Amino acid sequence: MEPGRGARALPGMEEAAGAAQGKGRVNFPFPYTPYSIQEDFMTKLYDVLEAGKVGIFESPTGTGKSLSLICGALSWLRDFEEKKKQEEARLLADEHNGQDKQQQPTSCSAEASNCQRSAGELDWITEFMQKKEEQAMVDRLKEEQIRRKKREDRLEKIRHNVQLKYATKRKRLEDDETQRLLQLSKEILSTELGSDVLEQLDHEEEELILAEYESDEEKKVGLGLDEDDDDDLEEEHVTKIYYCSRTHSQLAQFVHEVQKSPFGEEIRLVSLGSRQNLCVNEEVRHLGAVQLINDRCVEMQKNKHGKKSEGEESEGKKRRVSRAVCPFYSYEQMQFLRDEVLVKVKDIEQLVALGKETKACPYYGSRYAIPAAQLVVLPYQMLLHESTRCASGIKLKDQVVIIDEAHNLIDTITCIYSAEVRGSQLCCAHSQLLQYMERYRKRLKAKNLMYIKQILYLLERFVSILGGNVNQNPNAQIISQAGTELKSINDFLFQSQIDNINLFKVQRYCEKSLISRKLFGFVERYGANSVVKTNKEKQKMAGLQNFLLTLHQGPDKEAAIQCHPVEAEDGQPKMASPLMQIEGFLSALTNANQDGRVILNRQGTVAQSSLKFLLLNPAVHFAKVLKECRAAIIAGGTMQPVSDFREQLLSCAIGADRVVEFSCGHVIPPDNILPIILCSGPSNQQLEFTYQKRDLPQMMDELGRILGNLCNVVPGGVVCFFPSYEYEKQVYTHWERTGLLTRLATKKKIFQEPKRANQVEQVLAEYAKCIKRCSQEGGHVTGALLFSVVGGKMSEGINFSDDLGRCVVMVGMPYPNIKSPELQEKMAYLDKTMPRTAGQPPSKMLIENLCMKAVNQSIGRAIRHRKDFASILLVDHRYARPSVFNKLPQWIKERTEIKPTFGLAFAALRKFHHEKKSCYGSEAS
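No experiment lies behind these values; they were computed from the predicted model shown.

Structural notes on the overall build of the protein chain
In terms of helices and strands, the protein chain carries 36 helices and 20 strands. Counted over contacts in the protein chain with a minimum sequence separation of 6, partners at least 24 positions apart contribute 81%. As presented, the protein chain carries roughly 43800 Å² of accessible surface, and 50% of it is formed by carbon and sulfur atoms.

As C-alpha cells, this is what we get:
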C-alpha cells in the first residue's frame, strides 16, 4: 500500500494489520516518502507502545519529529483497535456456539452430572464462577458494541447531514430571540418598578456569603455537573493517546500536522485548554487572572446545579437571591459542540470560534468529548497536575501518554508543585479575611466560622515566623535578621505552631467553599473609598477598617500594602485576593516531609520577605502518571543528558528494564555541520571561562579577537551565547571601552537580546531584516552579530535557520549558581537519596547536566531543515572532557572536532563556509 492511502475507519487498517501479522513489519501511512530515520523512529515507537514500556525519544529539530509521532502512534492505535475488534468477535462467536450446544440434549448429560458431583462440589463452583465471568465479559462486550455503534452512527450522521446542522442553527437563533425578548421584558419591568431594582442590587451581596459547608465525611460535594446528571457523560473511555506539549502554539502546530497527515480525516481528536484560553463568556474573561476565571466559572456551575441550602429554604420568602449562571453552559448545545469536535479535527482557535457560533462552552464541551476521542491534545500542566487532571475528566488507566518538548520536564513538574507567598500577601489576606468575617459574622454558619478562624491563625503564624505581626503595616516592619533559612515540612509546621491543624481539611474547605472568590468579591464591593458596615463591634473594628483602606491607596502612601495586581479592562489594576496564592502554598505543605523543603526568605521588611515551598522529588508526582498509563513516550529535539530522566523521574516508579532509549541522527548531510571545541585563542590564551577567570581583561580580549576573526569568514548571521545577562553586559562594556566593538561593527551589525519579553520580536525582526539587506546589497557589512544569553528568551523556541544562524558561538560553560539555596538543597537531597555514578556524587552530575541541557538547547537553534548548514563553536577547553563531551546530542557529538589551537579551528571554519558558499551560491551569502 502506498503511504497516505487506507481504509475508511482509519488509514491502512486491513493492510497494516496484515503486514503486522505476516511479515512482522508495520505499514505506516505517511504524506510523503519518509526519511530512513523517520521509519526507524516510527518502528521503535510502535514497539514501545506495543510492549507497554516507557520510551525516551530524541529527534533533532528539522527531522519531522511531530509527523513521526503522529503516524507511528496512530498506526499502533489503528492496529490495536482492529485486534480488539477481532478478539471481541471471537468471544461473541464462542458464546453463540456455546448456546447452540446447550440447546442440543445428550444422553450422557445425566452421567456427566453424576461424575461432576463425585469429583466434588469445589470443581463445580470453580466452573460456575468461570462461566459467570465469561458471561459478564460477553455482556460487557455487547454493551460496548452497542455504545460504539450509537456513537459512530451519530457522528456519521453529523458528518454527512447538512440539514441537521441547519436545523440546529435555526433552533439556536430561535433561542437567542427568546432570550432577547425576555431581557427586554425585564428591562421594561425594572423601569416601572424602581424599588425592586434597588432591592435586587442590595441582594447581590448575598452572593458574597459563604454557603453552608459540609466536609466530605458528612457529604460529598461535587463540582460542576453532577456525575449522574446524564448517562452520556459516563460513556466509557476508548483507548486513546494523550499528547501534551509546553505551549498552546506548539499544540496548535501539532494539530495542524495531524490535519495534514493521512489520519487527519478520520481521527477523533479533541484539544483541551484552560478556562483562560477557552472561555467565551466575556463577563468572565474580563476578570483576567486565571484563578479568578476558574473560581467564577465553578461558582456559576454551582449556581445552576446546586440546590438551596436549608437556610435559603427557610428564608426564601424573606429574601430573593440572584445567582448568576453562564448562558453558554447549555448541555444541549455542548452536546452538539462535542459531536462537532469529534467529527472534524479542530485546534484551540477553531474550538473557541465554534463555541461562540454555537453559544456553547468550549471548555466543558471539549471535556465531554474526551471519552470518545482517540487523540487528546493538551498542555503540560493539565496532564501533570493531579487535581487538574481529575477535574478535567482525564483518565490515564491503560492509555498512552506522549510528552513532547520534554527536555524541561523535570523543571516543569517541580514548578507546578512549588509555591511562594510574600509577607505582604499574607498580611493583606489576613486583613481582608478578618474584615469579611466581622461583616458577615451573624450570617455565617458555625463550620464556616471555624475554618475562617483556622485560616486566620495560619496567616498569623506564617507572618510571625517571618518576624512580623499581622496587625502592623508589613512595609514598616523591618526584619532584624535578614537571610535565608531552609526547613523540612514537619520542622516548619512545628516551628510555626500549626502542626495541630489538619491542612488537608483546610485545603479542601478552600477548594469547595470558593472562599477566595467570595473574598475577592467582598474587596471589590468595599474598595478603597468605602467603609464597611459592621455590627455592634464597629468601634472595636475602626482601626482595622482604616488598615483595610490602605490596601488600595498605592505605593506612595506610607501604610500601603502591595497586593498582587490583576489586569483589568479599564487599564487600572484590580486587586485579587492574595488568598488565592496562599491556597497553593497550603496545598504544597501537604506533600510528604521528605519530598520538599520550605524556604524562609527574610529580606528588608516583612512585605519583601517570603515563604517558598520547593519540591525536591518530582518523581513522586510523575510516578502516578506512569503507574496508570499503558505506555509513555518522553520526546524532544534535545534530550541529552538522559541520565536525569532515568534517575530523577523514572527510577522510583518503574524498573530499568521497562525504559527504552532512542536517538536518531539528523536528515542533513554530515558535511553540512561543523561543530568545533576551541581550546585556545588567537594569542594562545587557554580558554577557560570559569567564575574566577572570565572577568580577566585578557580573557575578554581573547574572546573579542575570536569573534573578530569569525565575522571575517562567516556569512549572514552569527549568534553568540553568553552564560548570563550580567556577563554579556560586562563584556559589551569592556569591548566598547577598548574599541573592539567598533571594529566588529565594520563587518557585522551588532544586536543585543533584550531582557523584556515584549521587545524580543522587534529585535529579531530587525536582526533578520539587516541580514537580508546585507545579502542583497553586498558591501563591507556582511550580516549581523547577535549577543544572546543561555536560558534567556532566544535560547529556546527561536528559529535561527539559514542565514539567521550560520554560526552559533557558546562562550564558556553556563553552570547554574551553586550558591542558590534551592539548588544547594536539591544537591543535598540527591546525594542522600541517589547512588554515585561512575564515582561521581549525584550533586556534581546534576550541576553538569543542568549546564549541558542549557548548552544543547542553545546550539540547537541552528540547523532547522535538510538543506540548512551551520558551524558551532564551543569556546572553552572543558568541553573536551569526556564526561562533558558525551553529553552533547549524538548527531552533533559524532561530527565534533576538538581543535587545540585557534589556527587549526580558523582554517577549518574558513574552508567550511567557503565550500558552502560555492555549493549553495547566493543562499550562503
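Read on for the rest.
Remarks on the sheet that holds strand 19 (residues 870-875)
A sheet is described by the order of its strands in space; here seven strands give the open sequence 16-17-15-18-19-14-20, paired in parallel fashion. Since the sheet does not close on itself, it has two edges, and those belong to strand 16 (748-752) and strand 20 (897-899), each with one partner. The mean inter-strand angle of the sheet, taken between neighbouring strand axes irrespective of direction, is 20 degrees. The pairing of strand 14 (residues 673-678) with strand 20 spans three bridges and is parallel. When the sheet's bridge partners are listed, Leu678 is paired in strand 20 with Lys899. Where helix 29 (residues 725-738) meets the sheet, its contacts fall on strand 15 (716-722), strand 16, strand 17 (783-789) and strand 18 (807-811), and the angle it forms with strand 17 comes to roughly 135 degrees.

A look at helix 22 (residues 503-513)
Turning to helix 22, its buried residues number three or more, namely Leu503, Val506, Tyr509, Cys510, Lys512 and Ser513. Sitting at the head of helix 22, Asn502 places a side-chain oxygen 3.0 Å from the backbone nitrogen of Phe504. Downstream of helix 22 by a residue or two, Leu514 has a phi angle that is positive, lying close to 55 degrees.

Points about the packing of helix 27 (residues 643-650) against helix 33 (residues 842-859)
Orientation of helix 27 relative to helix 33, taken along the N-to-C sense of each, is 125 degrees, at an axis distance of 10 Å. On the basis of the axis angle, helix 27 is oblique to helix 33. Viewed along their axes, helix 27 and helix 33 form a crossing whose handedness is left-handed. Contact residues: Ser643, Asp644, Phe645 and Gln648 in helix 27; Leu846, Asn849 and Lys853 in helix 33. The residue inventory of the contact of helix 27 with helix 33, partitioned by class, reads two nonpolar, three polar and two charged.

Thoughts on the sheet that holds strand 3 (residues 269-271)
Spatial ordering of the open sheet is given by 3-4-2-5-12-1-13, a layout of seven strands whose pairing is parallel. Both edges of this open sheet fall to strand 3 and strand 13 (659-663), since each of them pairs with a single strand only. With direction set aside, neighbouring strand axes in the sheet form an average angle of 15 degrees. Bridge count for strand 5 (residues 400-403) against strand 12 (residues 631-636) is four bridges, and the pairing is parallel. Bridge assignment links Ile402 to a residue of strand 12, and that residue is Ile633.

With respect to the packing of helix 20 (residues 446-465) against helix 25 (residues 579-588)
For the pair helix 20 and helix 25, the least separation of the axes is 12 Å and the interaxial angle reads 80 degrees. In terms of orientation, helix 20 and helix 25 fall into the roughly perpendicular class. Of the residues in helix 25, those in contact with Ile455, Leu458, Leu459 and Phe462 of helix 20 are Leu579, Ile582, Phe585 and Leu586. Grouping the amino acids of the contact of helix 20 with helix 25 by side-chain chemistry returns eight nonpolar, no polar and no charged.

Details of helix 23 (residues 515-525)
Burial runs high along helix 23: nine of the eleven residues are buried. Turning to helix 23, its buried residues are Ile515, Ser516, Arg517, Lys518, Leu519, Phe520, Gly521, Phe522 and Val523.

With respect to unusual backbone geometry
Following Gln640, the chain continues to Pro641 via a peptide bond in cis, the omega torsion being -5 degrees. Here Pro641 shows up in the loop between strand 12 and helix 27. With a phi angle near 50 degrees, Asp802 is a residue other than glycine that sits in the positive phi range. Note on placement: Asp802 falls in the loop between strand 17 and strand 18.

Here we look at the pairing of strand 5
In strand 5, alternate side chains face the same way, and those of Val400 and Ile402 on one face and Val401 and Ile403 on the other are all buried. The pairing of strand 2 (residues 241-245) with strand 5 spans four bridges and is classified as parallel. In the sheet register, Cys244 faces strand 5, and the bridge partner there is Ile403.

Quick notes on the environment of Thr63
Along the polypeptide, Thr63 turns up in the loop between strand 1 (54-58) and helix 3 (65-102). Residues Thr63 and Ile668, spaced 605 residues apart in sequence, show a C-alpha to C-alpha distance of 8.7 Å. When residues no more than four places from it in sequence are discounted, the contact partners of Thr63 are Tyr35, Ile37, Gln38, Gly665, His666 and Val667.

Description of the side chain of His621
Note that His621 resides in helix 26 (residues 619-628). Here His621 is in contact with Ile413, Tyr417, Asn591 and Leu615, once residues within four sequence places are set aside.

Regarding the pattern of salt bridges
Applying the stated criterion to the full structure yields 22 salt bridges. Between Lys487 and Glu485 there is a salt bridge, with the nearest N and O atoms lying 2.8 Å from each other. Classification of Glu485 by relative accessible area gives partly exposed; the value is 27%. A salt bridge links Lys612 to Glu822; its shortest N-O distance comes to 3.4 Å. Of the two residues, Lys612 is situated in strand 11 (residues 605-615) and Glu822 in helix 32 (residues 821-833); the sequence distance between them amounts to 210 residues.

Quick word on the environment of Gly52
With respect to the secondary-structure elements, Gly52 resides in the loop between helix 2 (36-51) and strand 1. Under the relative-accessibility criterion, Gly52 is labelled buried at 16%. The spatial distance from the C-alpha of Gly52 to the C-alpha of Ala632 is 7.8 Å, given a sequence separation of 580 residues. The residues touching Gly52, leaving out its near neighbours within four places in the chain, are Arg630, Ala631 and Arg658.

Here we look at the side chain of Thr239
Structurally, Thr239 can be placed in the loop between helix 7 (194-203) and strand 2. Taking relative accessible area as the criterion, Thr239 reaches 12% and is therefore assigned buried. With near-sequence residues (within four places) excluded, Thr239 lies in contact with Trp76, Leu77, Phe80, Glu81, Lys84, Gln374, Asp398 and Gln399.

Side note on the packing of aromatic side chains
Each pair of aromatic rings is reported with the distance of its centres and the angle of its planes. Applying the stated rule across the entire model yields 25 aromatic pairs. On the numbers, 6.2 Å between centres and 85 degrees between planes, the contact of Phe492 with Phe585 is edge-to-face. Here Phe492 is found in helix 21 (residues 489-495), whereas its partner Phe585 is found in helix 25, with 93 residues between them in sequence. By way of ring pairs, the aromatic residues Phe722, Tyr727, Tyr732, Trp735 and Phe787 are connected into one cluster. One Lys or Arg, Arg694, reaches over the ring of Tyr727 and ends 4.8 Å from the middle of that ring. Stacked on the ring of Phe869, the Lys or Arg Arg806 has its end atom at 3.8 Å from the ring centre.

Analysis parameters
Residues numbered from 1 in each chain as written. Predicted model: local features only at pLDDT ≥ 70, side-chain atom pairs only at ≥ 80, totals over all residues. Heavy atoms only, no water. Helix = DSSP H or I, 4+ residues; strand = E, 2+ residues; numbered from the N terminus. Contact = heavy atoms within 4.5 Å. Areas by Shrake-Rupley, 256 points an atom, 1.4 Å probe, with all protein chains shown as cover. Pairing = 2+ DSSP bridges. Axes fitted to C-alpha atoms, helices over the stretch in contact; angles between N-to-C directions. Buried < 20%, exposed > 50% of the residue type's maximum accessible area, 1.4 Å probe, protein only. Polar contact = N/O pair within 3.5 Å; in protein donor to acceptor, adjacent residues only side chain to side chain. Parallel < 35°, antiparallel > 145°, perpendicular 65-115°, else oblique. Left-handed = near helix turned anticlockwise from the far one by under 90°. Nonpolar A, V, L, I, M, F, W, Y, C, P; charged D, E, K, R; others polar. Salt bridge = Lys/Arg side-chain N within 4 Å of Asp/Glu carboxyl O. Phe/Tyr/Trp six-rings, centres within 6.5 Å; stacked < 30°, edge-to-face > 60°. Lys NZ or Arg CZ within 6 Å of the ring centre and 35° of its normal.

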